[in-house]
Every structure is written in C-alpha cells, then in structure tokens.
Amino acid sequence: MLGWMAWTWPTALVFIGIFSAMGVLTFLEIRYPGGDERRGILGLTTTRGDRLFISLLGTSYIFLAWLALFGMPLWVPLGLAILWGVFCFWKV
C-alpha cells in the first residue's frame, strides 16, 4: 500500500513529530491568539510558527553538516538539534 516510499520508523517519527508540533501550535493559537510575538536575539519579530520553522530549518542544516563532515551515527546531531530547538523557542 505504501510501497511508493521507503517508510521506516525513524522517517515516520520525524513526520509524526512535525505534525504533532503543528497540532500543538494550532491548539496554542486557538487558546492564546496572536502568535506570542516577540523580538529575539536575532533582531527579528517572530511568532511561535516562525520559531518552529527556524528550528526545523536549523535542524536540517545541523544533520546535513554532520553527515557531510562525520557520517554516522547521528546521536550527537540529534542532541545539537534539540538544543537548537530549545534555543530557538527561548531566545529567537
């Protein structure tokens, strides 16, 4: 049925995580409208959605750079990506 793409559990977990984050942000936007705008360390006025996008984009770059420079395993960039996401939602 889903043979058109090589679905693995790690791939499924990434998509589940992204869609879950979008669901949480949707819930927060309904509950607390306005997007929680603030001006962060980068000098940008960002909302929760902007911060999610910046954290996902940075995470992609972290993993791609790690794969280009060091290869497998990917536990270290996973930790760096989590720290980057926390930083984005805390300071950006």
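Everything discussed here concerns the structure shown above.
Residue positions within a chain follow its written sequence, with the count starting from 1. Under the rules for a predicted model, residues below a pLDDT of 70 receive no local features and side-chain atom pairs below 80 are neither given nor counted, while totals for whole chains, interfaces and linings still include all residues. Hydrogens are left out, water is left out, and the side-chain values use all remaining heavy atoms of the structure.

Caption draft 1: Structural context of the packing of aromatic side chains. Paired rings are identified among Phe, Tyr and Trp, the last through its six-membered ring, by centres lying within 6.5 Å, and are further divided according to the angle between planes into stacked (under 30 degrees), edge-to-face (over 60) and tilted (the rest). Across all of its chains, the model carries 2 aromatic pairs by this definition. Taking the centre distance of 4.4 Å and the plane angle of 45 degrees together, the rings of tryptophan 66 and phenylalanine 70 count as tilted. For every residue, the accessible area (1.4 Å probe, protein chains only) is compared with the maximum for its type, and the residue is labelled buried under 20%, exposed over 50%, or partly exposed between those bounds. Given the relative accessible area of 55%, phenylalanine 70 is considered exposed. In this structure, lysine 91 is placed above the aromatic ring of tryptophan 90, and the distance from its NZ or CZ to the ring centre is 4.7 Å. Whether a charge sits over a ring comes down to the Lys NZ or Arg CZ being within 6 Å of the ring centre and within 35 degrees of the ring normal.

Caption draft 2: Summary view of helix 3 (residues 75-91). Strands here mean DSSP runs of E at least two residues long; helices mean DSSP runs of H or I at least four residues long; both are numbered from the N terminus. A helix is expected to span 1.5 Å multiplied by its residue count minus one. Look at helix 3: 24 Å from first C-alpha to last across 17 residues, which is about the 24 Å you get at 1.5 Å a residue. Among the residues making up helix 3, those that are buried are Pro77, Ala81, Gly85 and Cys88. One side of helix 3 holds all its buried residues, which, seen down the axis, span an arc of 85 degrees. Facing away from the buried surface of helix 3 by more than 90 degrees, the exposed residues are Trp75, Ile82, Leu83, Val86 and Trp90. Residues are treated as being in contact if the distance between any of their heavy atoms lies within 4.5 Å. Structurally, helix 3 contributes buried residues whose contacts are with strand 1 (38-39) and helix 2 (48-69). By arc we mean the arc of the directions from the helix axis to the C-beta atoms, nothing more.

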